[in-house]
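# Structural overview for review
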Amino acid sequence: MARRKVKAEPQQPVLVDYADGEPSAFASMLGGLIQANVEGRPEKQKDFEALVARVGIWVNDINEGVTLDFKSGKLTVHNGLKPHRTITIRADAETVMSLSNLKVGLLGMPIYYDEVGREVAGKLLRGKLQIDGLLPNILTLNAVTRIFSVQ
Amino acid sequence: MAVKAFSSEWASAFKDEVNRSSTYKSAAKGWKWTVGLVVEAEPDKQFPEAKGVVMDLFDGEARDVTVGPASDAQKCDFVITAPYSRWKEVATKQLDATKGMLQGKLKLKGDLPTIVRYTKASQEMTECTTRVPVEWPDEK
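Residues numbered from 1 in each chain as written. Chains lettered and ligands numbered in written order. Predicted model: local features only at pLDDT ≥ 70, side-chain atom pairs only at ≥ 80, totals over all residues.

## Some remarks on the overall build of chain A
Check the secondary structure of chain A and you find five helices and six strands. Starting at the N terminus and ending at the C terminus, chain A contains elements arranged as β-α-α-β-β-β-β-α-α-β-α. When its C-alpha atoms are laid out on the principal axes, chain A stretches across 75 × 35 × 25 Å. Every one of the 151 residues in chain A was classed for burial, and the buried ones make up 36%. Considering only contacts within chain A whose residues lie at least 6 apart along the sequence, 61% involve residues at least 24 apart. (Helix = DSSP H or I, 4+ residues; strand = E, 2+ residues; numbered from the N terminus. Buried ≥ 20, exposed ≤ 12 C-beta atoms within 10 Å, placed from the backbone. Contact = placed C-beta atoms within 7 Å.)

## Things to note about the overall build of chain B
Looking only at helices and strands, chain B features seven helices and seven strands. Along chain B, helices and strands appear, N-terminal first, in the series β-α-α-β-β-β-α-β-α-α-β-α-α-β. Relative to the 2.2 N^0.38 estimate, which gives 14 Å for 140 residues, the radius of gyration of chain B is 14 Å and therefore close to what a compact globule would have. If one aligns the C-alpha atoms of chain B with their principal axes, the spans along those axes are about 40 × 30 × 25 Å. Counting every position in chain B, which comprises 140 residues, the buried fraction comes to 42%. (Rg over C-alpha atoms; globule rule 2.2 N^0.38 Å.)

## Remarks on the pairing of strand 5 (residues 87–91) of chain A
Residues and elements named next belong to chain A. A one-sided burial pattern is seen for strand 5, the buried positions being I87, I89 and A91 and the unburied ones T88 and R90. Where strand 2 (residues 52–59) lies against strand 5, five bridges are found, and the strand directions are parallel. Of the residues in strand 5, the one forming a bridge with I57 is I89. Both strand 5 and strand 6 (residues 130–132) contribute to a ladder of three bridges, which runs antiparallel. (Pairing = 2+ DSSP bridges.)

## Here we look at the confidence of the model for chain A
The pLDDT averaged across chain A works out to 91; a share of 92% of its residues lies at or above 70. Mean pLDDT across the secondary structure elements of chain A bottoms out at helix 3 (residues 93–99) of chain A, with 91, and peaks at strand 4 (residues 75–79) of chain A, with 98. (pLDDT = per-residue confidence, 0-100.)

## Regarding the sheet that holds strand 1 (residues 16–18) of chain A
Residues and elements named next belong to chain A. Sheet architecture is open: six strands sit in the order 1-4-3-2-5-6, paired in mixed fashion. Only two strands of the sheet have a single neighbouring strand rather than two, namely strand 1 and strand 6. Each strand of the sheet is rotated relative to its neighbour by a mean of 20°, with strand direction disregarded. With eight bridges connecting them, strand 2 and strand 3 (residues 64–71) associate as antiparallel partners. Bridged to R54 within strand 3 is D69. (Axes fitted to C-alpha atoms, helices over the stretch in contact; angles between N-to-C directions.)

## Some thoughts on the pairing of strand 4 (residues 61–68) of chain B
All names here are of chain B. Direction of pairing for strand 3 (residues 51–58) relative to strand 4: antiparallel, over a ladder of seven bridges. For G52, the partnering residue across the bridge sits in strand 4 and is G68. Turn length for the strand 3-strand 4 hairpin, with the two strands adjacent in sequence and antiparallel, is two residues, and the turn residue D59 shows positive phi of about 50°.

## Comments concerning the sheet that holds strand 6 (residues 107–109) of chain B
Residues and elements named next belong to chain B. What the five strands build is an open sheet, ordered 4-3-2-5-6; its pairing is mixed. Each edge of the open sheet carries a strand with a single partner, namely strand 4 and strand 6. Here the strands of the sheet are splayed against their neighbours by 15° on average, with no regard to which way each runs. Direction of pairing for strand 2 (residues 34–40) relative to strand 5 (residues 78–83): parallel, over a ladder of six bridges. Note that in strand 5 the partner of V39 across the bridge is A82. Sheet strands touched by helix 1 (residues 8–20): strand 3 and strand 4. Its angle to strand 4, the strand with the most contacts, is close to 165°. Packed onto the sheet, helix 4 (residues 84–91) meets strand 2 and strand 5 and runs at close to 105° relative to strand 5.

Next comes the structure, spelled out in structure tokens:
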């Protein structure tokens, strides 16, 4: 019996998925933000494809966090902080939003001398923004900032 | 003088408050999208029908703010949805709008990178709502 060949539709690769059946609002927001950034801005794709890191973000004033598990072109977002994180960012909600507003300058370095950058750097110095694992992973942090930034 | 919550008078007072804010004017430079606020009904709080606030915002100016059916607000480029009592918490400074969105207490629909880029403008807009004296239906 002759069979008709079924041509498979090319499927869009899934860039972001969620580890939990019910991702938290914060997890959905960060996952959605990163997906929109990577899909809409080709310059962010290179970083996204190269990045392998487990990044925790904890928002102190809502007592919620997520773990972003970057694996060379794929991101899995977990509700809450999971073990074996490369870096963990702890800050209030406003500061977390400021991080995504950092501009990226020459050589892909985040800019810390404009208004938003100074605010972020000031919070880091005052301990209102804490980054565990910062020193050995500064390049990872820069790559995450570039992917995360909407500027 | 206090105006009824989510009435046409409230919309007009809110628009004036936004246009008086120099912080909003500079933070919202370049903004060119409509924003709809859906206020879901809570009959037990004397807010029996959902309402929609449609905000025509352009380049740091509120060109128009109107109150009508929720379906009008749902057609906007950005839509923020919450029950009446949540909006009341925002307008009375009991809930920070940024935190509310991260916690899912306020549900946002629209292009996330754009709204995140204008976080300062949306925070100032929230501040403007807190400066409008309001008569709340469940406090009569």
